[in-house]
Amino acid sequence: MAPASAPVAAAGIPRVLVASLIGTSVEFYDFYIYATATSLVFGPIFFPSSSPSAQLLSAYASFGLAFLARPVGGIIFGHFGDRVGRKSTLVASLLLMGLSTAAIALLPTYAMVGWVAPALLCLLRLGQGIGLGGEWSGAALLAVENAPPGWRGRFGSVPQLGAPIGFIAANGFFLLLGAVLTPAQFVAWGWRIPFLASVSLVALGLWVRLTLVETPAFRDAADISAPPILPLRTVLRSHFGAVAAGTLGVVACFAIYYIATAFALGYGTTQLGYARQSFLEIQLGAILFMALGIGIAGWASDRWRPDAVLLAGCAGTVVAGYLIAPLLGSGTLSGAFLFLAFALLVMGFVYGPLGAWLTGLYPVQVRYTATSVAFNVGGIIGGGLTPVIAQLLAERGGLGLVGGYLVAAALLSATGIVALRGRR
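Keep in mind the model is a prediction, meaning the values are calculated, not measured. (Residues numbered from 1 in each chain as written. Predicted model: local features only at pLDDT ≥ 70, side-chain atom pairs only at ≥ 80, totals over all residues. Heavy atoms only, no water.)

### Concerning the confidence of the model for the chain
Basically, it comes down to this: pLDDT measures how confident the predictor is about each residue, on a scale from 0 to 100. Secondary structure counts use DSSP, requiring at least four H or I residues in a row for a helix and at least two E residues in a row for a strand, with both numbered from the N terminus. Working rule for contacts: check all heavy atoms of both residues, and any pair within 4.5 Å makes them a contact.
Put simply, the chain has an average pLDDT of 83, and 92% of its residues get 70 or more. Helix α11 (residues 216-224) is the least confidently modelled element of the chain, averaging 74 in pLDDT, while helix α17 (residues 333-351) averages 93, the highest of any element. Contacts from residues 1-6, a stretch scored under 50 in pLDDT, to residues over four places away or in other chains number ten contacts.

### Quick word on the side chain of Thr369
Condition: Classification of residues uses two cut-offs on accessible area relative to the type maximum, computed with a 1.4 Å probe and protein chains only: under 20% is buried, over 50% is exposed, and between them is partly exposed. In the analysis that follows, any N or O atom pair within 3.5 Å is treated as a polar contact, provided that within protein one partner can donate a hydrogen and the other can accept it, and provided that, for residues neighboring in sequence, both atoms belong to side chains.
Along the chain, the position of Thr369 falls in helix α19 (residues 367-384). Residue class for Thr369 comes out buried when judged on its relative accessible area of 1%. Within the structure, the side chain of Thr369 is placed 3.0 Å from the backbone oxygen of Gly78, a separation counted as a polar contact.

### Quick notes on the packing of aromatic side chains
Applicable threshold: Think of it this way: a Phe, Tyr or Trp ring, Trp meaning its six-membered ring, pairs with another when their centres are within 6.5 Å, and the plane angle makes it stacked under 30 degrees, edge-to-face over 60, tilted otherwise. Here, a charge over a ring is recorded when the distance from Lys NZ or Arg CZ to the ring centre is within 6 Å and its angle to the ring normal is within 35 degrees.
Enumeration according to the criterion identifies ten aromatic pairs in this entry. Ring centres of Trp136 and Phe375 lie 4.1 Å apart, and the angle between their planes is 10°; this geometry places the pair in the stacked category. Taken together, the residues span a long stretch of sequence, with Trp136 in helix α6 (residues 135-144) and Phe375 in helix α19 at a distance of 239 residues. The residues Trp136 and Phe375 share a single accessibility class, namely buried. Their ring planes at 55° and their centres at 5.1 Å tell us that Phe254 and Phe375 sit as a pair that is tilted. Here Phe254, found in helix α14 (residues 251-270), pairs with Phe375, found in helix α19; they are 121 residues apart in sequence, far enough to count as distant. Grouping aromatic residues by their ring pairs yields a cluster made of Trp136, Phe254 and Phe375. Over the face of the ring belonging to Trp151 we find Arg154, whose NZ or CZ atom lies 3.9 Å from the ring centre. Stacked on the ring of Trp304, the Lys or Arg Arg303 has its end atom at 5.0 Å from the ring centre.

### Side note on the nonpolar core
Stated precisely, the cut-off is as follows: Throughout this description, the term nonpolar core refers to a set of buried Ala, Val, Leu, Ile, Met, Phe, Trp, Tyr and Cys residues connected via side-chain atoms within 4.5 Å.
One finds Phe42, Tyr257 and Tyr351 to be the most contacted residues of the largest nonpolar core, which totals 105 residues. In this structure, Ala19, Leu142, Leu212 and Tyr368 belong to the second largest nonpolar core, which totals eight residues.

### Considerations on empty space enclosed by the protein
Applied cut-off: The definitions used throughout rest on a 1 Å grid laid over the protein atoms alone, on which a cavity is an enclosed set of points accommodating a 1.4 Å probe that cannot get out and a pocket is an open set flanked by protein within 12 Å on both sides along at least five of seven lines; lining residues are those having an atom within 4 Å of a point. Grid points are joined across faces, edges and corners, and a volume is the space filled by probe spheres set on the points. Residues are grouped as follows: Ala, Val, Leu, Ile, Met, Phe, Trp, Tyr, Cys and Pro are nonpolar; Asp, Glu, Lys and Arg are charged; all remaining types, including Gly, are polar.
A full pass over the atoms with the stated rule returns three cavities of 30 Å³ or more. In this structure, the second largest cavity encloses a volume near 40 Å³. As for the second largest cavity, its lining consists of Glu27, Phe28, Phe31, Arg70, Phe254, Tyr258 and Phe375. Listing elements by their share of the lining of the second largest cavity, those giving two or more residues are α1 (13-46) and α14. In terms of residue count, the dominant contributor to the lining of the second largest cavity is α1 (three residues). Residues belonging to the lining of the second largest cavity are distributed by class as follows: five nonpolar, no polar and two charged.

### Overview of the pattern of salt bridges
Note that side chains of opposite charge can pair when their charged atoms are close. Heads up, the condition is: By convention in these notes, a salt bridge is any Lys or Arg side-chain nitrogen within 4 Å of a carboxyl oxygen on Asp or Glu.
Within this structure, the stated rule accounts for three salt bridges. In this structure, Arg367 and Glu145 form a salt bridge, with 3.1 Å as the shortest nitrogen-oxygen distance. One end of the pair, Arg367, is in helix α19; the other, Glu145, is in the loop between α6 and α7 (152-157), with 222 residues separating them in the sequence. The class for Glu145 is buried, based on a relative accessible area of 8%. With a shortest N-O distance of 2.9 Å, Asp307 and Arg305 are connected by a salt bridge. You can call Asp307 buried: its relative accessible area is 1%. For Arg305, a relative accessible area of 31% translates into the label partly exposed.

### Comments concerning helix α20 (residues 386-397)
Note that an α-helix has 3.6 residues per turn; residues three or four places apart therefore point the same way. Operational definition: A helix is expected to reach a length of 1.5 Å times the quantity of its residues less one.
With twelve residues, α20 ought to run about 16 Å at 1.5 Å a step, and its terminal C-alpha atoms sit 16 Å apart, in line with that. Residues of α20 that are buried: Thr386, Pro387, Val388, Ala390, Gln391 and Ala394. Remark: Gly398 follows α20 within two positions and exhibits a positive phi of approximately 85°.

### Some points on the packing of helix α3 (residues 86-104) against helix α5 (residues 116-133)
We apply this condition: Simply put, an axis is a line fit to the C-alpha atoms, just over the touching stretch for a helix, and the angle between two N-to-C directions goes from 0 to 180 degrees. We call two directions roughly parallel when the angle between them is under 35 degrees, roughly antiparallel when it is over 145, roughly perpendicular when it lies between 65 and 115, and oblique otherwise. Rotating anticlockwise by less than a right angle from the far helix to the near helix defines a left-handed crossing, while the corresponding clockwise rotation defines a right-handed one.
Put simply, α3 and α5 touch, their axes get as near as 7 Å, and they point 160° apart. It follows that α3 is roughly antiparallel to α5 by the angle criterion. Both α3 and α5 take part in a crossing whose hand is left-handed. Across the interface between the two elements, Ser93, Leu96, Met97, Ser100, Thr101, Ala103 and Ile104 from α3 touch Leu121, Leu124, Gly127, Gln128, Ile130, Gly131 and Leu132 from α5. Here the residues of the contact of α3 with α5 sort into eight nonpolar, six polar and no charged.

Given below as structure tokens:
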């Protein structure tokens, strides 16, 4: 047996963590500028209709396309991540994701080219989703497989911090544009600027990642035996139950995030009467609680166990389900802020430990593929149609039904987590 590969040198740890963080930061930046533009402008620009609600639902449907594409991207990039290596796969996923996002800024509107405009938007959204499908798992593996003993939870939570960073960058950008542009200017061309700005973030991420080496775990596994020819086939034959349960385990984090961000922004500004600028401001403040939750959850995962922290987060998600109607629906910015802050704090507990938890469920030889499938299929269930479903539930029965949706997502995740307790 070949000797174990040396762990990354202490001097290289910051570069590894930055490389794992920057991809998820770009991921959430790209995803949230799309979600924000969907909630604010994409309906009338790309999906003309006599009903503002129908426009919003059509725009939300395009938002969900990326979730359908993510498992495809997860399988593609998972295959190469398990066979070729983490580094080159992460470079390719980031490049595809960034180019698709930047191209959205150049699209013509429906008024210019008719149905071609929404078709191109959906095509680029699919490209975003395929690139995103390989991003999170690779970033989590990069961090966890370089972690010193006893630090898997904290290292694994670093990529998750990309969510609040990307959110703050996206939300702050839209706030700035709202402050310096008129509503007409924003609708006409201002919304394109955040998409173009993604190019600079992607360039920085590529520069950092191209200087990395493979993780010790991947090198050791490659020294012992050749990787599977078809990692997906091995996953489905030997680890199907663990992947299915892992899929359920990530549902809650997607559901609570997109209800507290995309749905809350769209419904709050179109149905509840909150001013767009004011709502973006309270969301920007609330996202800091998500960063706090991720940090606490990463530490707690090393102190106890990742699955115990995830279950605590599921319990918090149930509480958030009961709070959405009285707080978000209160009509006051203070009530809305309290809900958003609590929901996003809880999101940190159902998201922060996922890097350590999911990567610990599968062997190194198929770990990229297995975690990609579980994370991205869970994203379809928990996030892909969440804004659409939440909008329909709110229109038919109010925010109480949306709260029930959150409770159901929490129970699904808890079921998957309990089913895998003790598995390593």
